[in-house]
Structure formats: C-alpha cells, structure tokens
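Reading the structure
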Amino acid sequence: MAGVRLRSPVQEQMGLESVPYFPLKLVQEREAWLLVNPLTGVSSEINGPAYSLLRLCDGYRTLAEVIEELQRSYQSERSDILAVAEPLLRMLSDQGVLWQLRRRMNWWRLPPPVAVLWDLTGRCNLRCRHCVVGSTSSCSDDLTPEECQRLVDEMAGFGVQQLILSGGEPLLRPDFLDIGRHAVSHKLSLQVATNATLVTAKVAAALGEFGAAAQVSLDAADPVTHDDFRQVQGAWRRATRGIRHLLAVKVPITLAATVTTANIEQILDLYRMAADLGVTTFRILPFVPYGRGGQYRALEVSPEQMRHLTEELNILRGEVGLPIAPMEFECTFRPPPPSQPDPLTHVGCDGGIAYCTINSKGEVLPCNFFSGAEAENVREHSFEWIWHNSRFLNYFRSLVVDDIQGACQSCGWLSACRGSCLAANFAHGDIFQSNCHCWLATSNCERSSDRSDSLSTVIC
C-alpha cells in the first residue's frame, strides 16, 4: 500500500502534536535510574534511553520534538524511536504520571505568594492514617536552623505575607519558637498547623505573643475514634488540653477534621464540641489516599456521603453560629453563576499562584499532595528564583478550565469551583478527570484502585 502510513499506538493515543509532561523524580543508581510512582509506591528501573525520553517530556516540547531530538541523539529512524518509546509512554500515561496537553506550558512572572505553608520537619509524634507526607518519629534531612533563618529572610524580603508552619509536627523542632520569633520580627504573620499534643502553657503564651493563629487537627468528639485514626493512645486528651492552653491566651483556632468513613457520623457532634470549646472556625477536609493515606483507601467517603454531611453542616451552622471554612462544592447548593468561565481561566486551586508549600526537605511545590515530583530546592536556589523559574509551579499556572475532561465541561458551576482540587484527581490516577470528590461528577470518576498497581521495568 504505497503512500499509506500507519499510525503507531502512541500517535493514536497522544498525537505527535501533543505536549507530554513527566513530573516525577528520577534517581540515578549505578547505570540505571530509579522511578518511584507515588501513587502506587512501586519502584522501577529504567535505562539511559528511557531516562532521556522522560527528561525531554518537559511540558514544553511536543511529542514530535521529543522524538526528533532522540533521533538526533541515537541516529535512529522516527519509527524505530516510537516503537521502543511507546510501551513506556503508554504505561506511564495509564498510571497517571505522564500528563498530556494540547499546547505548551507558559512561563509566568507573578507577584510573590501571599502565604507559604512550610513543613518545618518530617518528624511527628503521631502516626495519622491520612498523613500525606508519611511522617515518622525520625527525619534526617530537615533544613538546618541556619537554612531556616536564611529562608525566612528570603521570603520576607521577597514580599511573602504569611507563614503557615506545619510538618510533621512543627513543635518537635527544638528551634520552633526561634523560627517563629524570627518570622514575626520580619513582619510576617504566623499560623501554626499542629496536632496540639505538644502545646504547653509556655508554647501557647509564646504563640500569643507572636500574634499567631493555629489550626488544630481533631477528628472526633470521641477520644477512641480520634486516637485510633492518629494511632497513638491519649492523643485526643493531649490535643484538647493543648487547645485549652491556646484559648486561654486568646490564640484564634481553626479546628480541622479529616472526614473518613470512621468518623463521618461524629462530625456534627465534633462541630458542636468545637462551638462549646470556643474556637474561631470549624473546618472539614476530605480524606485523600496519598502518602500514608494510600494504605487506607477504605477510609475515603463517597461524594454522596460528603454531600449529605455538607448539607447537614450548613443547617447546623445556622443553628449554632460557629463559622465554617468554605466547604468543597458547597457552591452547588446555590444557583449556578450566570455565565461560564472562559476556557483559558486558570483551573484548580491557587497553589503555585497565591500560595505554595515548602516541604521539610526544602522542595517547593503547589501543595504536599505532589510530593515525589521533580521540584526545585531552597538549598540550591533562592525562594524568589524558584517562584519565578520552577518548571513544576509554572506548569500548574498554565492549566486552564479547558484541560478538565468529562462532566465538568458542561457543568453550570464550573466557574465557581474551577474543577476544585487537582491533587485529589492526581491521587486517583487522572489529574485531568472531572473532580473525583464532586457529587455532580461521580459517574466520571475512575478510582485509582481500579488501575494496575504494577510498574514493570522498561528497557528502551
């Protein structure tokens, strides 16, 4: 059949004009590279040519340009390159860790973030089942006190307004108060995200002097349920004691509960308890099966269960009066906005735009749910340089409403939620699906538990 060219499977699936992006780290081990899939925890070895292929999938080159560059490097025909690249590209795409768009990413020059969530340590005194960073009792790669002081100087000099000190458990750092004091001396406002078990009267007094606010994790009005989820007996008792220390010195508290199948029936009682304690705000967070949470997928509630809980909390808020932080998709309880968003409206939350995360290793990310991505480190570059030049941050800034697939594209509330949390989608293996937590789009949600958990060694 002269003149007829057959299209390879990868051309059918992606198109040579598509722009692939492989966001994960690749660590060299002897003559191979190690790829760890954060969605499955499975490690695989890839060889040099496969490494070259994935490094070229940078969110800017089209697939055709990637193949052309490999042709030049290996002096091979396009068909030969495609034949050996196709299995790896297909597998990683199916696994949710090779992302494809129809256009190149942009590079943005944005003002400094308003807020930075900073994990001061990877250590924690609890073993919470949902922990996205998988904190343990020991950690050897936290930033040093000197690095922390320098980072505060950089962020303040750049124009960051607020620091949210988290972990792990930030109070495990011996220099926690020194870091907080240094931040306040630079006119940074301070919030501490803590399990409160280590909050003494002295610590609370210092936070009061700093003018800090606190977000305290508490998952049930029942101590047994909370302690089981946090996997340390006595955690509830120590947390509520810490809350009272904070309230005694008038530190504003947001009481935050992660909603799971184990505690969803207790959330209304916990809200009433929060009001009785006198905290400032109540907040619910969805359970996302990432990090340690990937081991406990049965704890994730269904979108319909979350819808029912959100409705009940809306009613109870009117009766009790304690403010509740905005709840995901509660916008759907009101009429949709009169107009749909422009297809080029930014999608998802403002991670990488108005705020970001610095993890305990010093890596800068849109949020902690993307731990495992190839990210720039404050040990190697200034925070300001990273904010402007990070490929990962700029990729997220380039994502728009038109990138979200499925039911979201015809939803009347799309301009209100903007597809909501992309990290939850990523944890479920498809970052661009209609949001897997939305009760209006659940029929389009493909759970990652239905996907293969194996990632074979691929030799190109």
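Residues numbered from 1 in each chain as written. Predicted model: local features only at pLDDT ≥ 70, side-chain atom pairs only at ≥ 80, totals over all residues. Heavy atoms only, no water.

**Notes on helix 10 (residues 267-277)**
As a reminder, the rule being used: Accessibility here uses a 1.4 Å probe with only protein chains present; expressed as a share of the type maximum, an area under 20% marks a residue as buried, one over 50% as exposed, and anything in between as partly exposed. Counting from the N terminus, the helices are the DSSP runs of H or I reaching at least four residues and the strands are the DSSP runs of E reaching at least two. Residues are treated as being in contact if the distance between any of their heavy atoms lies within 4.5 Å.
If you check which residues of helix 10 are buried, you get Ile267, Leu268, Leu270, Tyr271, Met273, Ala274 and Leu277. Turning to helix 10, the residues buried within the fold contact helix 9 (235-248), strand 10 (253-259), strand 11 (281-286) and helix 11 (303-320). The first or second residue beyond helix 10 is Gly278, which carries a positive phi of 100°.

**Observations regarding the sheet that holds strand 7 (residues 162-166)**
Where we set the bar: Note on pairing: DSSP must find at least two bridges between two strands before they are called paired. Axis lines are fitted through C-alpha atoms, for helices just across the contact stretch, and the angle between N-to-C directions can take any value from 0 to 180 degrees.
Here we have eight strands laid out as an open sheet, ordered 11-10-9-8-7-6-12-13, and mixed in their pairing. A strand with exactly one partner marks an edge of an open sheet, and here the two such strands are strand 11 and strand 13 (364-365). Pairing of strand 10 with strand 11 involves six bridges; the strand directions are parallel. Across the sheet, residue Val259 finds its bridge partner in strand 11, namely Pro286. Along the sheet, helix 9 makes contact with strand 9 (213-217) and strand 10, crossing strand 10 at roughly 155°.

**Re helix 7 (residues 201-210)**
We count it as follows: Working note: the arc is built from the helix axis to C-beta atom directions.
Buried within helix 7 we find Val203, Ala204, Ala206, Leu207 and Phe210. Along helix 7, the residues classed as buried sweep out an arc of 160° about the axis, all on the same side. Among the exposed residues of helix 7, those pointing more than 90 degrees away from its buried face are Lys202 and Glu209. In this structure, the buried residues of helix 7 make contact with helix 6 (176-185), strand 8 (189-194) and helix 9. Immediately downstream of helix 7, the backbone of Gly211 shows phi near 70°, a positive value.

**Considering the pairing of strand 4 (residues 43-46)**
Side-chain direction in a regular strand flips from residue to residue, so the side chains alternate between the two faces of the sheet. Residues Ser44 and Ile46 line the buried face of strand 4, whereas the alternating positions Ser43 and Glu45 sit on a face that is not buried. Relative to strand 4, strand 3 (residues 32-36) runs antiparallel, the two sharing four bridges. Among the inter-strand pairings, Leu35 is bridged to a residue of strand 4, identified as Ser44. Hairpin connection from strand 3 to strand 4: six residues lie between these consecutive antiparallel strands, with Gly41 at a positive phi of about 80°.

**Description of the nonpolar core**
So the rule is basically this: Put simply, buried Ala, Val, Leu, Ile, Met, Phe, Trp, Tyr and Cys residues joined by side-chain atoms within 4.5 Å make one nonpolar core.
Judged by nonpolar contacts, the single largest core of 75 residues is most densely connected at Trp118, Leu163, Phe282, Leu313 and Phe383. Of the residues forming this core, the biggest block, seven residues, is contributed by helix 10. When residues no more than four places from it in sequence are discounted, the contact partners of Phe383 are Pro113, Val116, Leu151, Glu154, Met155, Phe158, Val160, Cys356, Ile358 and Val364. Of all hydrophobic cores here, the second largest spans 56 residues; its members include Leu39, Cys57, Leu88 and Ile404.

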